[in-house]
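The chain contents come next:
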Amino acid sequence: MRSWMSWIAVTPFAVWAAVRLSGFEPDWPWVPVVAFTPHAAVGAALGLVLAGLLRRWAAGAVALVTVLALGVAVLPRALPDPAPAAHGAPLRVLAANLLVGTADAAELTAQVRSLRPDVLTLQEFTPLAERRLTAAGLRELLPYAVTWPAKGVGGSAVYARHPLTAGELIEAGGFGQATAVLTHPGGARVEIVSVHPCAPKRTGRQPCWLAGLERLPRGGGRLRVLAGDFNATLDHLPLRELLAAGYRDAADAMGRGLSTTWGGWGPLPGVTIDHVLAGDRMAVRDFQVLAPVGSDHRPVYAELLLP
């Protein structure tokens, strides 16, 4: 009986670790489930404790390997990374998902007024949200904008304190990811992308989600910042591949990569799906997960340093 108990507690997390570290990403249900890998690491540690208490040494050995494997994947997010040598002007970035345009425009505008971001990216940006934000005074604080409002969840926008030039809209599955080039007063030109691929479906394959991430521009060359609701965590292979192509995750760089941005209510724990990715020539000086503004996502804020 004790052997069965220990193996039941250990085996699911061992399989989880093997798939997570395999370099292969299955489809349903793995794509949504893998977002909870930090919580799985805690579960694996509890399985190790149980196997030890029951004196089931074989199960304990598997549990120990599992804990170490998941720890390698998860723990670096709690440790700050060395910053590249960047000595240029600061660039403050704020990103917020508006929950189909229903977020509180006054509260979001108050955050903009307090934090004074140079750039604000918005997702689930509707025509009504655009009108409400304008009425709340957002354009007085961030007078430049590239907006692609849409009914439902597919709209997005980039607002800025400095001049913007509209870029190409990245579209996949009815989701538009606005792009714009910001001209910084110091002369630097930085491409900004308001990121929002569709969420993984509850069943079946994920072509819209995967295409939305794969169509994001790779790093290198032009200075670039990707900010918004990625519907992906650092445990999703497409996001890890994007980072490897020339970006740094601001939360991870500051040792705050385990701060959750969505969920944490009801039976499910929170996950980290909102990010600010900076080109790898930029330094990260600050990252914060902010109080919610009437949305199921918490806004995220990063202060970057241009090279």
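Here's a quick rundown of the structure.

Definitions and cut-offs
- Residues numbered from 1 in each chain as written.
- Predicted model: local features only at pLDDT ≥ 70, side-chain atom pairs only at ≥ 80, totals over all residues.
- Heavy atoms only, no water.
- Helix = DSSP H or I, 4+ residues; strand = E, 2+ residues; numbered from the N terminus.
- Buried < 20%, exposed > 50% of the residue type's maximum accessible area, 1.4 Å probe, protein only.
- Areas by Shrake-Rupley, 256 points an atom, 1.4 Å probe, with all protein chains shown as cover.
- Lys, Arg positive; Asp, Glu negative; His and termini not counted.
- Charge placed at Lys NZ, Arg CZ, Asp CG, Glu CD.
- Contact = heavy atoms within 4.5 Å.
- Pairing = 2+ DSSP bridges.
- Axes fitted to C-alpha atoms, helices over the stretch in contact; angles between N-to-C directions.
- Parallel < 35°, antiparallel > 145°, perpendicular 65-115°, else oblique.
- Left-handed = near helix turned anticlockwise from the far one by under 90°.
- Salt bridge = Lys/Arg side-chain N within 4 Å of Asp/Glu carboxyl O.
- Disulfide = S-S within 2.5 Å.
- Expected span 1.5 Å × (residues − 1).
- Phe/Tyr/Trp six-rings, centres within 6.5 Å; stacked < 30°, edge-to-face > 60°.

**Considering the overall build of the protein chain**
Of the regular secondary structure elements, the protein chain holds ten helices and 14 strands. Counting the 307 residues in the protein chain, one finds 52% classified as buried. Of the roughly 13,300 Å² of accessible surface on the protein chain, 62% is carried by carbon and sulfur atoms. The average position of the 27 basic charges and that of the 23 acidic charges among the side chains of the protein chain differ by 3 Å.

**Quick look at helix 8 (residues 207-214)**
Residues of helix 8 that are buried include every one of Cys208, Trp209, Ala211, Gly212 and Leu213, and no others. Next to the buried residues of helix 8 lie helix 2 (30-33), strand 6 (170-172), strand 7 (175-177) and helix 9 (237-244).

**Quick look at the sheet that holds strand 8 (residues 179-183)**
Spatial ordering of the open sheet is given by 5-8-9-10-12-11, a layout of six strands whose pairing is mixed. Looking at which strands have only one partner, the edges of the open sheet turn out to be strand 5 (164-166) and strand 11 (247-249). Sheet twist, expressed as the mean angle between neighbouring strand axes with direction ignored, is 25°. The sheet contact formed by strand 5 and strand 8 spans three bridges and is antiparallel.

**Things to note about the packing of helix 3 (residues 37-53) against helix 4 (residues 57-74)**
Where helix 3 contacts helix 4, the two axes come as close as 8 Å, and the packing angle between them is 155°. Regarding the angle of helix 3 to helix 4, the classification is roughly antiparallel. Both helix 3 and helix 4 take part in a crossing whose hand is left-handed. The residues of helix 4 that touch helix 3, namely those facing Thr37, Pro38, Ala40, Ala41, Ala44, Ala45, Gly47, Leu48, Ala51 and Gly52, are Trp57, Ala59, Gly60, Ala63, Leu64, Thr66, Val67, Leu70 and Val74.

**Concerning the pattern of salt bridges**
What the rule picks out here adds up to seven salt bridges. Across the pair Asp235 and Arg77 runs a salt bridge whose closest N-O atoms are separated by 2.6 Å. Remark: Arg77 occurs in the loop between helix 4 and strand 1 (90-97) and Asp235 occurs in the loop between strand 10 (223-229) and helix 9; sequence separation between them is 158 residues. Arg77 carries the same exposure label as Asp235, and that label is buried. One salt bridge in this structure joins Arg256 and Asp286, with 3.0 Å as the shortest N-O distance. Here Arg256 is found in the loop between helix 10 (250-253) and strand 12 (274-279), whereas its partner Asp286 is found in strand 13 (residues 283-289), with 30 residues between them in sequence. Classification of Arg256 as partly exposed rests on a relative accessible area of 33%. What emerges from the salt-bridge pattern is a single network uniting Arg20, Arg77 and Asp235.

**Re the state of the cysteines**
Scanning the entire structure with this criterion turns up one disulfide. Covalent S-S linkage joins Cys198 and Cys208, the inter-sulfur distance amounting to 2.3 Å. Of the two residues, Cys198 is situated in the loop between strand 9 (189-195) and helix 8 and Cys208 in helix 8; the sequence distance between them amounts to ten residues. The burial state of Cys198 is the same as that of Cys208; both residues are buried.

**As for helix 4**
With 18 residues, helix 4 should cover 26 Å at 1.5 Å per step; its first-to-last C-alpha distance of 25 Å lies within 8% of that length. Buried within helix 4 we find Ala59, Gly60, Ala63, Thr66, Ala69, Leu70, Gly71, Ala73 and Val74.

**Observations concerning the pairing of strand 14 (residues 300-305)**
Of all six residues in strand 14, six are buried, a share of seventy percent or more. Going residue by residue along strand 14, you find Val300, Ala302 and Leu304 tucked away on one face and Tyr301, Glu303 and Leu305 tucked away on the opposite face as well. Both strand 13 and strand 14 contribute to a ladder of six bridges, which runs antiparallel. Bridge pairing links Ala283 to Leu305 in strand 14.

**A look at the sheet that holds strand 2 (residues 119-123)**
Strand pairs in the sheet, formed through backbone hydrogen bonds, run parallel or antiparallel to each other. The strand order across the open sheet built from six strands is 3-4-2-1-14-13, with neighbouring strands paired in mixed fashion. Each end of this open sheet is capped by a strand with a single partner; those strands are strand 3 (144-148) and strand 13. Pairs of neighbouring strands in the sheet enclose a mean axial angle of 10°, with direction left out of account.

**Remarks on the packing of aromatic side chains**
Two measures describe an aromatic ring pair: the distance that separates the ring centres and the angle between the ring planes. Taken as a whole, this structure holds two aromatic pairs when the rule is applied. Centre to centre, the rings of Trp16 and Trp30 are 5.7 Å apart; their planes meet at 65°, and the pair counts as edge-to-face. Placement of Trp16 in helix 1 (residues 2-20) and of Trp30 in helix 2 is noted, with a sequence separation of 14 residues between them. Accessibility expressed as a relative area gives 11% for Trp30, which makes it buried.

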